[in-house]
Amino acid sequence: WWDERVAARFRRNLQPTLTYWSVFFSFGLCIAFLGPTLLDLRCQTQSSLSQITWVFFSQQFCLLLGSCLGGVFKRTLSKSLLALFASSLAISLVFAIIPLCHNVVVLAVVMAVAGLAMGCIDTISNMQLVKIYQKDSAIFLQALHFCVGFGALLSPLIADPFLSDTNCILSNSTGNASSNLPHIRKSLVPHHPGNLSHYELPMKGMVVTRVSYAFWIMALINLPVPIAVFFLLYKERLVPCFSSSSHPLLSADELAMEARPTEKEDLSTTAQRASAAGGHDDLLSCCQSKNFRGASYTYFAVHITGALVLFMTDGIVGEYSGFVYSYAVEEPLSVVHKVAGYLPSLFWGFITLGRLISIPVSYRMKPATMVFINVVGVLITFLLLLIFSSSVVFLFVGTASLGLFLSSTFPSMLAYTEDILQYKGCATTVLVTGAGIGEMVLQLLVGSIIHDRGSYSFLVCGMIFGGLAFTFYALLLFFHRMYPKPSSEVDDASSPDKAAVTDDTGQYQR
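Given the structure is predicted, the values throughout are model-derived calculations rather than measurements.

Reading the values: the criteria
- Residues numbered from 1 in each chain as written.
- Predicted model: local features only at pLDDT ≥ 70, side-chain atom pairs only at ≥ 80, totals over all residues.
- Heavy atoms only, no water.
- Helix = DSSP H or I, 4+ residues; strand = E, 2+ residues; numbered from the N terminus.
- Buried < 20%, exposed > 50% of the residue type's maximum accessible area, 1.4 Å probe, protein only.
- Contact = heavy atoms within 4.5 Å.
- Areas by Shrake-Rupley, 256 points an atom, 1.4 Å probe, with all protein chains shown as cover.
- Axes fitted to C-alpha atoms, helices over the stretch in contact; angles between N-to-C directions.
- Parallel < 35°, antiparallel > 145°, perpendicular 65-115°, else oblique.
- Nonpolar A, V, L, I, M, F, W, Y, C, P; charged D, E, K, R; others polar.
- Expected span 1.5 Å × (residues − 1).
- Arc of directions from axis to C-beta.
- Polar contact = N/O pair within 3.5 Å; in protein donor to acceptor, adjacent residues only side chain to side chain.
- Left-handed = near helix turned anticlockwise from the far one by under 90°.
- 1 Å grid on protein atoms, 1.4 Å probe; cavity = no way out; pocket = protein on both sides within 12 Å on 5 of 7 lines; lining within 4 Å.
- Points joined across faces, edges and corners; volume = space filled by probe spheres on them.

Peer 1: Any chance you could explain the overall build of the chain here in plain terms?
Peer 2: The secondary structure content of the chain amounts to 24 helices and two strands. The buried share among the 510 residues of the chain stands at 57%. When contacts within the chain are restricted to residue pairs at least 6 apart in sequence, those whose partners lie at least 24 apart make up 83%. Carbon and sulfur atoms make up 67% of the accessible area of the chain, which amounts to about 20,900 Å² in all.

Here is the structure:
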C-alpha cells in the first residue's frame, strides 16, 4: 500500500527508523506508569497525597524543559544518538532506582531526570524522522506516535498485578482508609492526579507494597532500547573509540542513486532538501535574530498557529484523560466508580488504535486533510457530549471518538507544518514545545475551573478548546496560502554556493 520509492527509502533506513520507534516506546512506557502506581509510591515514601502529587509536576515540567533543549543535541548524528542512548538508558535506570526512593523529594528529583530524558527523546526522534523522510515523513511519524501509545498502554498493565488491594501502610486507621482506596486509585490517571485533598490515608506504619517488582520488570523491558541505540552508534562508527573511522550509512553508489531526482522529485526539490539540514534548531537557536532576517510575517505566523493548534489538542488529551473519571462519578451521571475507571483506559486505547489506523491512512491522505478531520471531529464530539450530557452510554462513545480524532493530530500537524516551511525553520522544535506547554497549562487551568464551577465545566472547557483549535487551524490554512511558494526558493538554490549539493538523501548529517 505504498510505492516502491518510499519502500526503498524505508529499507535503506530500516535500522535507524526502528531505533527511533523503539526509543519512543520508552517514552510511552515512562509517561503512563505514574498514575496507577502513585498510591503505592506514597506508601513507599510515607508522604501525604498533596506531597506525592508534586512528582507529577516535576516530571511534566522537566519534560517540557527537555523538549525545549532537545534540539541542542541534533546538530550532528553523533550528538543525536548519544543523547538518545543516554536518555533511554536513563529511563531504565529511573525504573530501577524508583523502588529505592524512600523520600518524596528524592523521588521527585528522579522523576525530573526521567522528564528531561523524555523531552529529549520527543524532540530528537521527531526531528530525525522528519530529516530522513521529509515529504514522506507523515506515515513514519504516525508509526512513531503509535509506539508511544503502545508503551502508555503497556506500563499500567505491567503495574496492575503488583498494586496494593488495601492500604499499603498498616496502622490503626487502615480499615477506614482501605474503603477509600479503590476510589482514589481510579482517579489517578497517567497525566493528572485529580482532586484528592478530601481523602486521608495514614502516613506512618509498616509499608507492605509490592510495586517494586513492577518497576524492575519495566526496567528490564526497556533495556533493549538503549542497546538498540548503541548498535546504531556502532554501525555508524560513532562510538567514541571508533570515531576516527566514521563512514556514511550508505555506500557512495547508493547515495548517488538516492540523490538522483526521480519522476516525483525534480532538481529543485533536491536542492530544497539540501538546505533542510540547517533547520530544526533548538529553541534558543531558533530565537536568534539572524534567523529572522528577511523572513516574512507568514513565516512566523505558520510557526505560531501550528504551535497553537497543538497547544489546544495536546492540552485536550491531558485534561480529558485527567478529569473524565472525576466528571463521570459526579452528578448528574453518577457512574459507578469501577465502571468510570474504564474511561481513561478507553480513551488511551482508542488513541493507540487511531495511531495504528493512521499509519496506512496517512500514506493515502494529505496531512492537512487529516488535521482538518481531526479538529472538526473533536469539535463535533464535544458538542454532542454537551447535548447528551446526561447519557452514560454516549460518554463512553464520545470518549472513544475523541481518542480516535486526537490520535493522529500531532504527527499530521508536524508533517503538514514542515511541508509548508519546506523543511526549514524551527517547526519541529516550536510544535513540540507548544504541545508540551499546552498539556501542562490546560490541565492546571481545567482543574481549577472544575473546582470552582463544578464538573459540567469540564465539557464546556473541552468545547472551547476544540473551537480554538479549529480557529487556529483555519488561520494556519490562510497563512499557508500567503506563504511563498517553493519556486521562490529555487532561485536561491541555483546560486553557486548551493547548486553543487548531491549528498542530501534524507540520511544522517554529521
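Let us keep going from here.
Peer 1: Just checking my understanding: could you explain the packing of helix 15 (residues 297-329) against helix 20 (residues 409-420) for this structure?
Peer 2: A pair of packed helices can be characterised by two numbers: the angle between their axes and the separation between those axes. In contact at an axis separation of 11 Å, helix 15 and helix 20 are set at 180 degrees when each is read in the N-to-C sense. Here helix 15 is positioned roughly antiparallel relative to helix 20, judged by the angle of their axes. Across the interface between the two elements, Val302, Gly306, Val309, Leu310, Thr313 and Asp314 of helix 15 pack against Thr409, Phe410, Met413, Thr417 and Ile420 of helix 20. Here the contact of helix 15 with helix 20 is built from residues that sort into six nonpolar, four polar and one charged.

Peer 1: Just checking my understanding: could you explain helix 10 (residues 211-222) for this structure?
Peer 2: Note on helix geometry: an α-helix contains 3.6 residues per turn, so any two residues three or four positions apart are oriented the same way. Taking 1.5 Å as the rise per residue, helix 10 with 12 residues should run 16 Å; its terminal C-alpha atoms sit 17 Å apart, in good agreement. Three or more residues of helix 10 are buried, namely Val211, Ser212, Ala214, Phe215, Met218, Ala219 and Asn222. Projected down its long axis, helix 10 carries its buried residues within an arc of 160 degrees, all on one side.

Peer 1: What exactly am I supposed to notice about the side chain of Gln44 here?
Peer 2: Tracing the sequence through the fold places Gln44 in helix 3 (residues 34-45). Residue class for Gln44 comes out buried when judged on its relative accessible area of 6%. A distance of 2.7 Å separates the side chain of Gln44 from the backbone oxygen of Ile98, its partner in a polar contact.

Peer 1: In this structure, what is going on with helix 15? I would like to understand it.
Peer 2: Between its first and last C-alpha, helix 15 extends 48 Å over 33 residues, near the 48 Å set by a 1.5 Å rise per residue. The element helix 15 is extensively covered by neighbouring structure, given that 28 of its 33 residues are classed as buried.

Peer 1: Please clarify how the packing of helix 20 against helix 22 (residues 457-482) should be interpreted in this entry.
Peer 2: Helix 22 packs onto helix 20 with a crossing angle of 25 degrees between their chain directions and a minimal axis gap of 11 Å. Between helix 20 and helix 22, the angle falls in the class roughly parallel. In this structure, helix 20 meets helix 22 at a crossing whose hand is left-handed. Residue-level inspection shows Met413, Tyr416, Thr417 and Ile420 of helix 20 in contact with helix 22, the latter providing Tyr473, Leu476, Leu477 and His480. Split by residue class, the contact of helix 20 with helix 22 holds six nonpolar, two polar and no charged.

Peer 1: What is the right way to look at the side chain of Thr45 in this model?
Peer 2: Along the chain, the position of Thr45 falls in helix 3. Accessibility expressed as a relative area gives 8% for Thr45, which makes it buried. Among the polar contacts listed, one links the side chain of Thr45 to the backbone oxygen of Leu41, at a separation of 2.9 Å. Those residues in contact with Thr45, other than ones at most four positions away along the chain, are Ile52, Cys101, His102, Asn103, Val104 and Leu107.

Peer 1: Even after reading the chapter, I still don't get empty space enclosed by the protein, so can you show me in this structure?
Peer 2: The method is simple in principle: a probe with the dimensions of a water molecule rolls over the atoms, and the space it marks as empty is what remains. Taken as a whole, this structure holds three cavities of 30 Å³ or more when the rule is applied. In this structure, the largest cavity encloses a volume near 390 Å³. Lining the largest cavity are 27 residues, and of these Phe27, Ile31, Asp314, Arg355 and Glu439 lie nearest its centre. Residue composition of the lining of the largest cavity, grouped by class: 14 nonpolar, nine polar and four charged.

Peer 1: Explain the environment of Gln134 here, please?
Peer 2: For Gln134, the position within the fold is in the loop between helix 7 (104-133) and helix 8 (137-159). The exposure class of Gln134 is buried, given its relative accessible area of 2%. Residues Gln134 and Ala415 lie 281 residues apart in sequence; the distance between their C-alpha atoms is 8.0 Å.

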